Amino acid sequence: MENLHKIKQDICDIGKRIYNRQFAAANDGNITVRVSENEVLCTPTLHCKGFLKPDDISLVDMTGKQLSGRKKRSSEALLHLEIYKQRDDIRSVVHCHPPHATAFAIAREPIPQCILPEVEVFLGDVPITKYETPGGQAFADTIIPYVNKTNVMILANHGTVSYGETVEQAYWWTEILDSYCRMLLLAKQLGNVSFLDEEKSRELLDLKEKWGYADPRNTPDFKDCDICANDIFRESWADTGVDRRAFPAPPPIKTSPAATNGAPSAPAGVDEAALVKAITDEVMRQMAKK
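Residues numbered from 1 in each chain as written. Predicted model: local features only at pLDDT ≥ 70, side-chain atom pairs only at ≥ 80, totals over all residues. Heavy atoms only, no water.

Student: Is there a simple way to explain the environment of Ile111 in this structure?
Tutor: Inspection of the secondary structure puts Ile111 in the loop between α3 (99-107) and α4 (117-122). In this structure, the C-alpha to C-alpha distance between Ile111 and Cys181, residues 70 residues apart in sequence, is 7.7 Å. (Helix = DSSP H or I, 4+ residues; strand = E, 2+ residues; numbered from the N terminus.)

Student: Hey, could you run me through the sheet that holds strand β5 (residues 92-96) in this one?
Tutor: Paired through their backbone hydrogen bonds, the strands of a sheet run either parallel or antiparallel. Ordered in space as β4-β3-β2-β1-β5-β7-β6, the seven strands form an open sheet in which the pairing is antiparallel. Each edge of the sheet is formed by a strand with only one pairing partner; in this case those strands are β4 (66-68) and β6 (152-155). In this sheet, adjacent strand axes meet at a mean angle of 25 degrees when their direction is disregarded. Looking at chain direction, strand β1 (residues 30-36) and β5 are connected through four bridges and run antiparallel. In the strand pairing of β5, Val33 is matched with Ser92. (Pairing = 2+ DSSP bridges. Axes fitted to C-alpha atoms, helices over the stretch in contact; angles between N-to-C directions.)

Student: Would you explain helix α6 (residues 167-190) in this entry?
Tutor: Each α-helix winds once per 3.6 residues, and so residues spaced three or four apart point in a common direction. In this model α6 runs 35 Å from its N-terminal to its C-terminal C-alpha over 24 residues, within 8% of the 34 Å that 1.5 Å per residue would give. Of all the residues in α6, the buried ones are Val167, Gln169, Ala170, Tyr171, Trp173, Thr174, Leu177, Asp178, Tyr180, Cys181 and Leu184. Gly191 lies just past α6 and shows a positive phi near 105 degrees. (Expected span 1.5 Å × (residues − 1). Buried < 20%, exposed > 50% of the residue type's maximum accessible area, 1.4 Å probe, protein only.)

Student: Explain the environment of Thr129 to me, please; I cannot follow it from the model alone.
Tutor: Within the secondary structure, Thr129 sits in the loop between α4 and α5 (137-141). Judged by its relative accessible area of 1%, Thr129 is buried. Taking the C-alpha atoms as reference points, Thr129 and Asp239, separated by 110 residues in sequence, lie 9.1 Å from one another. Excluding residues within four positions of it along the chain, Thr129 makes contact with Thr142, Tyr146, Met153, Ile154, Leu155, Ala156 and Thr240. (Contact = heavy atoms within 4.5 Å.)

Student: Just checking my understanding: could you explain the pattern of salt bridges for this structure?
Tutor: Charged atoms that come close allow side chains of opposite charge to pair. Considering all chains together, one arrives at 14 salt bridges under this definition. Taking the shortest distance from any N to any O, the salt bridge between Asp224 and Lys223 comes out at 3.2 Å. With a relative accessible area of 53%, Lys223 lands in the exposed category. Three or more residues are tied together by salt bridges with common partners; here these are Glu120, Lys208, Asp215 and Arg217. (Salt bridge = Lys/Arg side-chain N within 4 Å of Asp/Glu carboxyl O.)

Student: Even after reading the chapter, I still don't get the state of the cysteines, so can you show me in this structure?
Tutor: Among covalent bonds in proteins, the disulfide is the one between the sulfur atoms of two cysteines. In this structure the tally under the stated criterion is one disulfide. Across the disulfide, Cys114 is cross-linked to Cys228 (sulfur-sulfur distance 1.9 Å). Here Cys114 and Cys228 share a disulfide; its torsion about the S-S bond, -85 degrees, makes the bridge left-handed. Separated by 114 residues along the polypeptide, Cys114 in the loop between α3 and α4 and Cys228 in the loop between α7 (198-210) and α8 (237-240) bring together distant segments of the chain. The pair Cys114 / Cys228 is uniform in exposure class, with both members buried. (Disulfide = S-S within 2.5 Å.)

Rendered as structure tokens:
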């Protein structure tokens, strides 16, 4: 039997850390912990996360129905519950609005890869979901395409959601992500972002696998991907309005002949159809001169 009071205290502690880091203004954010197959502890709605008490935490079932608690559960609990339904290994979910990561959510700018070792090992490719009005099941469903390939997501025009085996671990991914986004913005002000090369990037992926952290790039499905080019989630960009605007694409990493049938591939971030059209137009222009 889990010690529910201790878990509630842990939730309050993380709430205070979120508030002190300015990851949640006023009553922003929500935290849940799954305590049984059908029961989830949930922070209350309209309550500052920096001043939570164990008695403020409610208990809900996996449909969102409140089972106990003197305050109404968070209005965004359905997002958390959908993550638990999709991932049996997850025991806690943290949602908040860390300012630097949320800036990327607002700009819909993909998070550059192969720059900081800690990010490659602990986070990997971070997706940006499709925007949906918060609170309902449609909002909860926006995480489904990505939830099994990552432990942290950016919610378009909203904030972040991260999840793990404990409430502290779930919070860690958010803190790492926001710190990284801040570093990226500072480096951009200095005028340069330097990428790691293929050899060093693959060394980090090897370490990640050795330490037991999952990454799609270490699976057969993505063995021929460009490991630094956001290949895991790049196909979703057209539907979610994500595009590289502030940060350049990384230098292309060569793929195996099997991935391209022996043909050279276009550099990461290049629209191949647009490139072919541009070349064709130029050929036709030159022919017209003759």
